[in-house]
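Here are the chains, one letter per residue:
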Amino acid sequence: MADQDTLGYEQARDELIDVVRRLEAGGATLEESLALWERGEELAKVCRRWLEGARARLDASLAPEESDAPKQEGE
């Protein structure tokens, strides 16, 4: 498994999908299930950081356009 700081969004998402499938399939010991759950939580955080960063970049790129746009009545 790659270090979470170097994982791209797609890598983290794909590994998270695999973790969820393994948990849903059952058959793992309690210790294995806990380890999978913890890894899933880490991967979800990585995905969330990527998505939040993407949202911030989109918002930043749209901000100048919104401030340049003429205001409509009632705004």
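Note that the structure is predicted; figures quoted are calculated from it, not measured. (Residues numbered from 1 in each chain as written. Predicted model: local features only at pLDDT ≥ 70, side-chain atom pairs only at ≥ 80, totals over all residues. Heavy atoms only, no water.)

## Observations regarding helix 1 (residues 9-25)
- For helix 1, which comprises 17 residues, the first-to-last C-alpha distance of 24 Å matches the rise-based estimate of 24 Å (1.5 Å per residue) to within 8%.
- Every buried residue of helix 1 is listed here: A12, E15 and V19. The arc that holds every buried residue of helix 1, seen down its axis, measures 70 degrees, which confines them to one face. For helix 1, exposure combined with an orientation more than 90 degrees from the buried face picks out R21, E24 and A25.
- Once helix 1 ends, the next one or two residues include G26, with phi positive near 75 degrees. (Helix = DSSP H or I, 4+ residues; strand = E, 2+ residues; numbered from the N terminus. Expected span 1.5 Å × (residues − 1). Buried < 20%, exposed > 50% of the residue type's maximum accessible area, 1.4 Å probe, protein only. Arc of directions from axis to C-beta.)

## A closer look at the pattern of salt bridges
- For the structure on display, the rule yields five salt bridges.
- Of the charged contacts in the structure, one is a salt bridge between D14 and R13, with a shortest N-O distance of 3.1 Å.
- E15 is the salt-bridge partner of R39, the closest N and O atoms lying 2.8 Å from each other. Placement of R39 in helix 2 (residues 30-68) and of E15 in helix 1 is noted, with a sequence separation of 24 residues between them. Accessibility assignment for this pair places R39 and E15 in one class, buried.
- Here the salt bridges do not stand alone but share partners, grouping E15, R39 and E42 into one network. (Salt bridge = Lys/Arg side-chain N within 4 Å of Asp/Glu carboxyl O.)

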